[in-house]
Number of protein chains: 2
Amino acid sequence: MKHQTIGHNETRWDAIAKVKGEANFTDDFAIRNCLYAKILRSTIAHGRVVDYDLTEARQVPGVIKIVLPEDLPQNQYATAGHPYAMIPAKRDIEDRLMLNREIHVYGEEIAAVVAKTELAAEIAVSKIKVTYKEYPVYLTPQAAMAPDARRIHPERDNIIANTNVGFGEIDNGLAEADVIVKEEFSTGVQQHAHMEKQVAVAYRGEDQRWICISSTQIPHICRRIIGQALGLPWSQIRVKKPFIGGGFGNKQDITIEPLVVALSMLCGGRPVKINLTREESLANTRTRHAIDYQVALGVKQDGHITAIDFDVLSNQGGYASHGHAIGGKGGSFINALYASDNLRYAAKTVYTNIAAAGAMRGYGIPQVMYALEAAIADAADKLGMDPIDFRLQNTRPEGYLNSLSQVQQFNFKINDCLKRGREAFDYDRKLADSQNYKTGDKRRGVGVASFSYGSGTYPFGLEVAGARLILIQDGSFKLMLGATEIGQGSDTTFSQMAADTLGVSYDKIIRDAITDTDIDPFDTGAYASRQTYITGFAVQKCAEKMKAKILQRAAELYDIRTEYLDIVDNNIVYAHNNQLVVSMADFAMASFYDMAHGRAIVAESSVNIHHNSYACGCTFAEVEVDVATGQITLLSCMNVHDSGKIINPLLASGQVEGGMAMGVAFGLSEGLRYSPEGKPLNNNLLDYKIPTTMDLPDFEMAFIESEDPLGPYGNKSLGENPLCSPAPAIRNAVKNATGVAINQIPLAPQKVFEALKQAGVIEE
Amino acid sequence: MKHQTIGHNETRWDAIAKVKGEANFTDDFAIRNCLYAKILRSTIAHGRVVDYDLTEARQVPGVIKIVLPEDLPQNQYATAGHPYAMIPAKRDIEDRLMLNREIHVYGEEIAAVVAKTELAAEIAVSKIKVTYKEYPVYLTPQAAMAPDARRIHPERDNIIANTNVGFGEIDNGLAEADVIVKEEFSTGVQQHAHMEKQVAVAYRGEDQRWICISSTQIPHICRRIIGQALGLPWSQIRVKKPFIGGGFGNKQDITIEPLVVALSMLCGGRPVKINLTREESLANTRTRHAIDYQVALGVKQDGHITAIDFDVLSNQGGYASHGHAIGGKGGSFINALYASDNLRYAAKTVYTNIAAAGAMRGYGIPQVMYALEAAIADAADKLGMDPIDFRLQNTRPEGYLNSLSQVQQFNFKINDCLKRGREAFDYDRKLADSQNYKTGDKRRGVGVASFSYGSGTYPFGLEVAGARLILIQDGSFKLMLGATEIGQGSDTTFSQMAADTLGVSYDKIIRDAITDTDIDPFDTGAYASRQTYITGFAVQKCAEKMKAKILQRAAELYDIRTEYLDIVDNNIVYAHNNQLVVSMADFAMASFYDMAHGRAIVAESSVNIHHNSYACGCTFAEVEVDVATGQITLLSCMNVHDSGKIINPLLASGQVEGGMAMGVAFGLSEGLRYSPEGKPLNNNLLDYKIPTTMDLPDFEMAFIESEDPLGPYGNKSLGENPLCSPAPAIRNAVKNATGVAINQIPLAPQKVFEALKQAGVIEE
């Protein structure tokens with residue numbers, strides 16, 4: 001397939017505005033007569049509000065309204081951003097209200113104040129006195145699963161889901177194995193820490209409907225969830241999404257939007273804004289699930305895998321949010337990566353009293369790949385095999401029909417990734433060099449880890465996307481999408497796709513900063529690395545329709561048969577020799593203004609995609625461990641990706657860099673911590689350790705590019721993929737450096753120091 | 001044709017917001033960091049700026065930029081809001097720049113100041129010192145046509161067009177006549193005086209394109225004219241039109257938008273607002289053409305018309321604007337109304353140095369009907385015939401193919417209108433009663449006048465319109481249009497049309513306050529009473545497409561053949577007995593979320609309409625003339641309209657009331673006056689006499705409703721029609737009361753007094 005702009009480093013369409021600081025984010029919208037709301041949050045993690053004393057709060061000047069839970073609609077709803085499911089059992093668990101007297105987490109939303117200024121609202125919130133009744137606090141699934149544990153949501157067991165997938169007989173598989181690796185792994189509570197916090201404004205529109213401007217990854221779903229929470233017909237809500245400063249999955253939960261609309265309603269439709277503080281955004285929204293794994297791996301002496309056994313315990317926190325979709329998801333992705341005679345993946349997701357876990361870039365795969373790839377590395381070690389060779393021997397061949405997901409892995413170039421990485425990373429030399437650093441204070445080692453990742457949610461979720469193209473008089477096109485640009489550059493790649501299919505240059509495609517549920521094509525939004533894949537089909541189909549309509553109109557206007565016409569380089573040409581018929585610009589004018597034939601040309605598509613493509617890749621890491629302090633320095637790190645055809649290499653590399661940084665942080669430094677009472681201890685950017693550029697090496701990367709036959713432009717997922725394998729690669733490198741397997745991430749210095757001490761690496 | 005909501009008085013969708021003052025008009029948009037521009041206007045009517053002294057103006061605090069003509073692009077452009085014409089000769093005359101050193105009218109835009117506040121801009125403008133070279137000032141076509149007259153636009157003769165249409169031989173026709181009426185008529189310079197003045201804001205958008213929020217009747221054309229004036233590709237401009245407080249044709253000229261965009265460009269893309277003052281809006285925008293008519297009418301004793309001869313001289317003012325389209329237009333509309341053996345309509349349009357005349361509600365027809373219907377009345381008088389009977393005898397029959405416009409007048413119920421009005425107005429009794437008031441100070445009389453009016457501009461103009469419908473999850477629909485709601489209620493009637501065709505109730509259609517050229521279907525806008533007619537077709541076709549798609553999807557989902565399904569009362573039903581299959585709401589949910597079939601349903605249409613329908617009607621007026629003062633009191637007034645099927649009677653009656661008031665004012669009181677130097681003398685609402693409700697009787701009206709086979713819902717034009725015949729009906733009533741034919745309107749007391757004195761009605 002010949003491409004004109006696909007595969008080129010076209011400049012982001014929003015680059016200039018963003019560099020100049022002229023891009024409008026939600027908080028930038030100047031709304032007349034805007035009121036500000038602040039949320040009163042519980043200072044206990046589990047219990048009940050017995051009483052509110054509002055006396056002092058009411059006296060704060062500027063206070064318009066103090067809102068208690070009983071002032072709002074009492075429709076239980078789910079915050080998770082999934083397409084609506086027609087079958088009730090498939091819907092996300094509806095376990096929350098906008099405000100609550102029942103407290104499930106520290107920081108529960110128990111009241112709200114609307115005031116003329118943010119400060120007045122803040123002061124009034126601080127003056128509300130609350131009397132609590134306290135219940136025991138459960139921070140871990142184990143605690144919440146104890147026989148005498150109180151139900152966190154009375155209507156539901158603390159174990160919200162319990163599944164078991166796989167094939168074969170694990171016991172037989174383990175019995176047949178020559179070597180068994182049995183280990184426990186656990187991951188931390190990573191937080192998205194997107195640059196732009198959650199912020200939303202709501203007001204009554206001129207047509208008496210409710211408008212919510214929000215920094216959301218899922219405007220169309222946001223509309224629905226507001227409707228559900230407020231008990232309104234969905235048409236009565238209009239969601240607008242301006243530029244977004246990152247979401248990473250946290251904005252795939254609808255956390256503040258129903259409340260802000262409800263508050264505007266209580267204030268007669270006046271605009272009300274909620275702008276979470278950094279502390280609220282870090283500790284009171286969603287997190288990556290902390291998951292515990294009990295893994296058993298059975299392998300033959302020749303490297304053949306006989307059994308992969310995973311027992312999974314996922315810490316859901318106080319609300320179900322995306323729930324078991326994350327902890328329960330790993331089986332098919334393990335199976336995508338490695339052949340095994342027997343596989344068991346048993347998972348439980350359990351309510352606790354920490355912040356509700358939700359979607360976060362990787363959606364459970366960084367956790368399961370961390371456990372899997374650590375165990376794989378350890379098995380190779382036990383066999384005395386090279387860990388890359390061991391993987392090459394066991395990876396799934398291309399074309400494998402995944403028996404757990406029913407997805408055929410058409411292109412699945414994991415072995416090419418491993419081989420390319422081995423060479424490009426200079427793995428063997430670095431491994432050999434590290435032999436010189438196995439004693440002394442600074443120990444060096446290298447590690448590898450692989451991953452697999454889907455493109456969208458099929459066959460589990462509905463995959464609908466849409467696009468609309470409008471021909472403009474100068475031969476350019478307006479492209480409308482319901483897909484969500486959240487900073488990742490999707491609008492740029494969609495523009496490349498449209499241009500490529502239309503036969504025009506990239507600069508001829510005009511995009512919009514705002515996604516608006518009233519007018520933009522229906523699309524479920526930015527998650528599951530679905531957009532370039534699923535929405536890509538919508539763009540392609542729409543552009544194909546547009547091109548066909550253009551050629552049909554050209555045939556009318558110029559009396560040339562449609563099949564003899566084509567569009568190349570912004571010109572309508574004779575297909576057989578590319579000779580010019582008319583420039584797109586001249587054609588466009590005639591298409592509008594010809595007295596006989598003139599009228600607008602528009603095209604629209606809505607697609608429902610019934611397949612998926614598995615992407616894959618791997619990380620190579622070289623670390624230096626300061627055994628005296630437990631400090632790990634990442635010396636070099638490389639990702640290799642099979643994401644099919646790369647639409648825009650520069651944007652793709654941005655995705656990979658950011659993803660690797662987040663994956664490294666997942667492995668090394670980031671984790672929310674809680675007091676025994678469930679109070680967040682590091683809900684700020686000083687104590688919550690996001691790596692800075694000073695903490696990271698220059699990342700290296702490579703793409704194994706081939707055109708996936710199922711991807712719209714040969715492409716597969718990339719957005720979440722880069723952070724799936726850095727953590728295990730680092731863990732494996734640390735083990736290679738020190739000989740010690742540390743199976744709890746993040747590998748913070750204190751944890752490493754203690755593990756090394758316990759292992760005798762450090763002598764007291 | 002059975003209608004569900006068409007013909008019903010559905011409530012305007014924007015009623016609540018407007019009544020509560022919550023509707024946002026252009027000036028309500030809160031734009032951050034907005035700058036304000038004021039225009040320096042010439043204090044002479046004809047000449048040239050020799051020099052500007054900016055010294056003092058530059059020192060005004062807050063001034064950002066002082067802009068002279070040479071600072072701006074020098075692309076000549078036309079302000080008239082017509083669709084672009086592919087043939088250069090058919091385009092509006094491109095005779096202006098955004099700012100000019102050459103002065104064609106008093107108040108010419110000769111410089112602009114951008115400042116941080118409106119006041120600072122105003123002060124700085126007042127401090128610019130201008131040295132002029134003055135030329136002779138021509139206020140009338142006669143003066144500008146004098147042999148030694150200077151060309152107002154050097155590149156063009158002062159007579160900008162000179163046309164002659166008709167059939168037969170006028171001289172023969174007049175020779176054959178038993179009675180000849182020969183008269184001269186002239187009309188005044190009426191101004192639109194819309195409640196909301198011209199206002200626009202422009203800024204550079206996040207995609208580096210230019211956004212202009214404007215109170216315009218023609219957003220898509222506005223985009224084009226900005227592009228032409230600035231020399232930008234049209235895609236680089238985005239026009240948004242919020243609610244509009246009236247336009248009446250004045251906002252069918254693009255007067256301030258290119259300048260405001262150009263000023264924003266000069267200020268680095270910062271928002272700049274221009275908000276004309278009332279004085280500017282009245283005197284420095286557009287007016288209704290003042291037209292002089294020399295009319296000769298030949299009739300046989302039996303009432304047969306042998307000749308209609310019109311010599312027309314239209315006062316264009318300083319710029320061509322809509323130019324000859326107005327003065328040149330009357331022939332086919334005279335021919336639409338009356339059969340005549342011979343017809344000649346010879347018209348000239350001439351530049352002068354008064355304000356440029358442009359489109360104004362009625363677009364030349366109130367003027368020509370005033371002259372025609374006065375002459376017709378006088379002919380009847382001369383023959384001693386009843387003026388209604390005389391008309392009934394000569395009106396065109398239904399089905400007449402208009403030989404001048406090539407439009408077939410399918411439904412043309414002028415006789416029904418006249419007969420209905422005679423009865424409903426109680427014409428004969430009032431006429432008889434008036435005999436008791438033919439002496440003394442208070443004289444009474446009755447008068448009648450007819451008119452014909454087109455629906456859109458076919459075959460002269462391109463008639464393209466579009467619509468888009470989006471099914472929403474709760475079974476309602478979003479309707480997108482490029483047609484322009486300017487207060488007339490068009491969005492409400494379009495919603496009724498869509499609902500009717502879809503089989504759902506009116507409340508299921510959701511409209512938008514803003515028309516946005518980037519996303520709304522292409523439509524040339526609000527003018528020529530075209531929208532319910534032309535855009536009506538687009539809405540109908542779009543709704544038909546949507547309905548077909550719904551039934552097709554329903555067939556997929558429920559395994560029932562499409563042809564057995566229908567939509568009635570918000571339900572999908574079996575067509576043969578209306579039995580429920582599924583509610584639209586439940587269907588809509590399945591249409592989005594069914595795993596196999598789910599995807600969005602949208603429909604879009606763009607139509608190019610190749611026909612026209614002639615509406616018609618008449619006015620009955622009863623006046624009392626105070627011969628001592630010349631003051632005319634309108635005692636009662638009734639309009640009867642054949643506008644085909646009435647979509648929303650309440651909104652239609654609003655159109656008729658407003659139009660009648662404007663038509664009465666055209667005849668009685670409104671007129672801009674100029675000093676001999678061309679300075680406007682009454683550019684304010686105190687001196688420019690708009691009638692208040694105290695000045696007007698309770699208007700009566702009736703509709704002769706029938707379904708026009710060419711109208712989308714049997715409907716024809718109505719918006720401009722009501723003001724076409726009040727002025728001649730009043731003039732005829734005054735003649736009936738006093739015996740004096742006063743042939744210059746407005747019939748201001750002084751003019752009436754002098755005419756009566758001259759005729760000897762008033763004795764000194």
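Along each chain, residue indices are assigned from 1 in the same order as the chain's sequence is written. For this description, chains carry letters from A and ligands carry numbers from 1, given in the order in which they are written. Local features in this predicted model are restricted to residues whose pLDDT is 70 or higher, and side-chain atom pairs enter the listing and the counts only when it is 80 or higher, whereas totals over whole chains, interfaces and linings include all residues. Water and hydrogen atoms were dropped before computing side-chain values, which therefore reflect all heavy atoms in the structure.

Examining helix H13 (residues 414-424) of chain B
Counting along an α-helix, one turn takes 3.6 residues, and residues three or four places apart therefore face a common direction.
Residue and element names in this part refer to chain B.
Part 1 of the argument: Among the residues of H13, those classed as buried are Ile414, Cys417, Leu418, Gly421 and Arg422. The arc enclosing the buried residues of H13, seen along the axis, measures out at 130°, which places them on a common side.
Part 2 of the argument: At its buried positions, H13 is contacted by helix H10 (330-337), helix H12 (387-394), helix H14 (427-434), strand S18 (442-453), strand S27 (615-626) and strand S28 (631-642).
Part 3 of the argument: The secondary structure listing takes helices from DSSP runs of H or I that are at least 4 residues long and strands from runs of E that are at least 2 residues long, numbered from the N terminus. Downstream of H13 by a residue or two, Asp426 has a phi angle that is positive, lying close to 60°. For each residue, the accessible area found with a 1.4 Å probe, counting protein chains only, is set against the maximum for its type, and the residue is called buried under 20%, exposed over 50%, and partly exposed in between. Taking the helix axis as origin, the arc is that swept by the directions to the C-beta atoms. Residues are treated as being in contact if the distance between any of their heavy atoms lies within 4.5 Å.

Quick notes on the sheet that holds strand S6 (residues 129-134) of chain A
Residue and element names in this part refer to chain A.
Part 1 of the argument: What makes two strands pair is DSSP finding at least two bridges between them. Taken together, 3 strands build an open sheet; the order of strands is S4-S2-S6 and the sheet is antiparallel. The open sheet has two edge strands with one neighbour each: strand S4 (102-103) and S6.
Part 2 of the argument: Both strand S2 (residues 47-53) and S6 contribute to a ladder of 6 bridges, which runs antiparallel. Bridge pairing links Gly47 to Glu134 in S6.

Quick look at the relation of the copies chain A and chain B
Put simply, the two copies of the chain differ by a rotation about an axis and a shift along that axis.
Part 1 of the argument: With an RMSD of 0.1 Å, the operation that places chain A on chain B is a rotation of 180° combined with a shift of 0.0 Å along the axis. Both chain copies can therefore be described as sitting about a two-fold axis. Closest approach to the rotation axis among the C-alpha atoms of chain A is made by Ala30(A), whose C-alpha sits 3.1 Å away.
Part 2 of the argument: Comparing interface residues between copies, 100% of those in chain A also sit at the interface in chain B, which points to an isologous, same-surface contact. Copies overlap after least-squares fitting; the atoms used are the C-alpha atoms of residues with pLDDT of at least 70 in both.

Focus on the pairing of strand S11 (residues 237-241) of chain A
Residues and elements named next belong to chain A.
Part 1 of the argument: Burial analysis of S11 places 4 of its 5 residues in the buried class, which makes it a mostly covered element.
Part 2 of the argument: The sheet contact formed by strand S10 (residues 210-214) and S11 spans 4 bridges and is parallel. Bridge assignment links Cys212 to a residue of S11, and that residue is Val239.
Part 3 of the argument: Note on handedness: a clockwise path from strand one over the helix to strand two, with the strands aimed away from the viewer, defines a right-handed crossover. As a crossover connection, the stretch from S10 through helix H6 (residues 219-230) into S11 is right-handed.
Part 4 of the argument: With 2 bridges connecting them, S11 and strand S22 (residues 515-516) associate as antiparallel partners. Its bridge partner being in S22, Lys240 is matched across the sheet by Asp516.

Structural notes on the nonpolar core
Part 1 of the argument: Remark: nonpolar core denotes a set of buried residues (Ala, Val, Leu, Ile, Met, Phe, Trp, Tyr, Cys) joined through side-chain atoms within 4.5 Å. Counting 93 residues, the largest nonpolar core has Tyr293(B), Phe310(B), Phe620(B), Val623(B), Val625(B), Ile730(B) and Leu747(B) as its most contacted members.
Part 2 of the argument: The element that contributes the greatest number of residues to this core is helix H11 (residues 365-383) of chain B, accounting for 12 residues.
Part 3 of the argument: Formed by 92 residues, the second largest nonpolar core is a distinct cluster that contains Ala375(A), Tyr614(A), Phe620(A) and Ile730(A).

Digging into the interface of chain A and chain B
Part 1 of the argument: With 63 residues of chain A at the contact, the number on the chain B side is 63 residues.
Part 2 of the argument: The largest contributions to the chain A side of the interface with chain B come from Glu206(A), Tyr593(A) and Met595(A), which together make up 14% of the buried area.
Part 3 of the argument: Salt bridges are counted wherever a side-chain nitrogen of Lys or Arg sits within 4 Å of a carboxyl oxygen of Asp or Glu. Inspection of the chain A/chain B interface yields 10 salt bridges.
Part 4 of the argument: One salt bridge connects Glu604(B) with Arg468(A), and the closest N-O pair in it is separated by 2.7 Å. We define buried area as the total accessible area lost by two parts upon association, computed with a 1.4 Å probe and summed across both.

Structural notes on the domain arrangement of chain A
Residue and element names in this part refer to chain A.
Part 1 of the argument: By convention here, the domain bounds are inherited from an automatic or database domain assignment. Partitioning chain A into domains gives domain 1 (31-135 + 198-275), domain 2 (290-458 + 611-758) and domain 3 (464-608).
Part 2 of the argument: On a C-alpha basis, the centroid separation for the pair domain 1 and domain 3 is 39 Å.
Part 3 of the argument: The interface is formed by 22 residues belonging to domain 1 together with 20 residues belonging to domain 3.
Part 4 of the argument: Note on domain 1 versus domain 3: buried area summed over both sides is about 1600 Å², and carbon and sulfur give 55% of it.
Part 5 of the argument: By the criterion of area lost to domain 3, the three top residues of domain 1 are Gln217, His220 and Lys241, representing 39% of everything that side buries.
Part 6 of the argument: Linking domain 1 to domain 3 there are 4 salt bridges.
Part 7 of the argument: For Asp516, the salt bridge goes to Arg238, with nearest N and O atoms at 2.8 Å.
Part 8 of the argument: Contributions of two or more residues to the side of domain 1 that touches domain 3 are made by H6 and S11.
Part 9 of the argument: With 5 residues, the top contributor of residues to the side of domain 1 that touches domain 3 is S11.

Some thoughts on unusual backbone geometry
Part 1 of the argument: Note that the residue after Tyr458(A), namely Pro459(A), is joined by a cis bond; omega there is 5°.
Part 2 of the argument: The residue Ala528(A) is not glycine, and still its phi comes out positive at about 60°.
Part 3 of the argument: Tracing the chain through its elements places Ala528(A) in the loop between S22 and helix H16 (531-558).
Part 4 of the argument: You can call Ala528(A) buried: its relative accessible area is 16%.
Part 5 of the argument: The phi dihedral of Ser321(B) falls on the positive side, at around 40°, and the residue is not glycine.
Part 6 of the argument: Considering the arrangement of structural elements, one finds Ser321(B) in the loop between strand S14 (305-317) and helix H9 (324-327).
Part 7 of the argument: Note on Ser321(B): relative accessible area 4%, which makes it buried.

Brief notes about the sheet that holds strand S23 (residues 565-568) of chain B
Residue and element names in this part refer to chain B.
Part 1 of the argument: An order of S23-S24-S25 is seen for the 3 strands of this open sheet, with the pairing classed as antiparallel. The sheet is open, and its two borders are formed by S23 and strand S25 (580-583), each paired with just one other strand. Within this sheet the neighbouring strands show an average axis-to-axis angle of 30°, counted without direction.
Part 2 of the argument: Here strand S24 (residues 571-574) runs beside S25; their pairing, made up of 3 bridges, is antiparallel. Within the sheet, the bridge partner assigned to Asn571 lies in S25 and is Ser583.
Part 3 of the argument: To obtain each axis, a line is fitted to C-alpha atoms, and for helices this fit is confined to the stretch in contact; angles are then taken between N-to-C directions over 0 to 180 degrees. Together, S23, S24 and S25 form the strand contacts of helix H16 (residues 531-558), whose direction differs from that of S23 by roughly 125°.
Part 4 of the argument: In this fold helix H17 (residues 584-593) packs onto S23, S24 and S25, with an angle of close to 65° to the strand it touches most, S25.

Details of the packing of aromatic side chains
The description of an aromatic ring pair rests on the distance of the ring centres and on the angle between the ring planes.
Part 1 of the argument: Here is the rule: rings of Phe, Tyr and Trp (six-membered ring for Trp) pair when centre to centre is within 6.5 Å. Planes less than 30 degrees apart are stacked, more than 60 are edge-to-face, and the remainder are tilted. Summed over all chains, the structure comprises 32 aromatic pairs over all chains.
Part 2 of the argument: Centroid distance Phe25(A) to Phe243(A): 6.1 Å. Interplanar angle 45°. Geometry classified as tilted. On the criterion of sequence distance, the pair formed by Phe25(A) in the loop between helix H1 (15-19) and strand S1 (35-41) and Phe243(A) in the loop between S11 and helix H7 (257-266) is long-range, its members being 218 residues apart.
Part 3 of the argument: Looking at Phe243(A), the relative accessible area reads 1%, which means it is buried.
Part 4 of the argument: Note on Phe185(B) and Tyr370(B): the rings are 5.7 Å apart at their centroids and 80° apart in plane angle, and the pair reads as edge-to-face. Residue Phe185(B) is located in strand S8 (residues 179-186), and its partner Tyr370(B) is located in helix H11; the two are separated by 185 residues in the primary sequence. Here Phe185(B) matches Tyr370(B) in class, with each residue buried.
Part 5 of the argument: Ring-pair connections join several aromatic residues into one group, and the members of that group are Tyr84(A), Trp234(A), Phe522(A), Phe592(B) and Tyr593(B).
Part 6 of the argument: Distance and angle both matter: a charge sits over a ring if NZ of Lys or CZ of Arg is within 6 Å of the ring centre and within 35 degrees of the ring normal. Across from the ring centre of Tyr319(B), 4.2 Å away, lies the NZ or CZ of Arg96(B), which sits over that ring.

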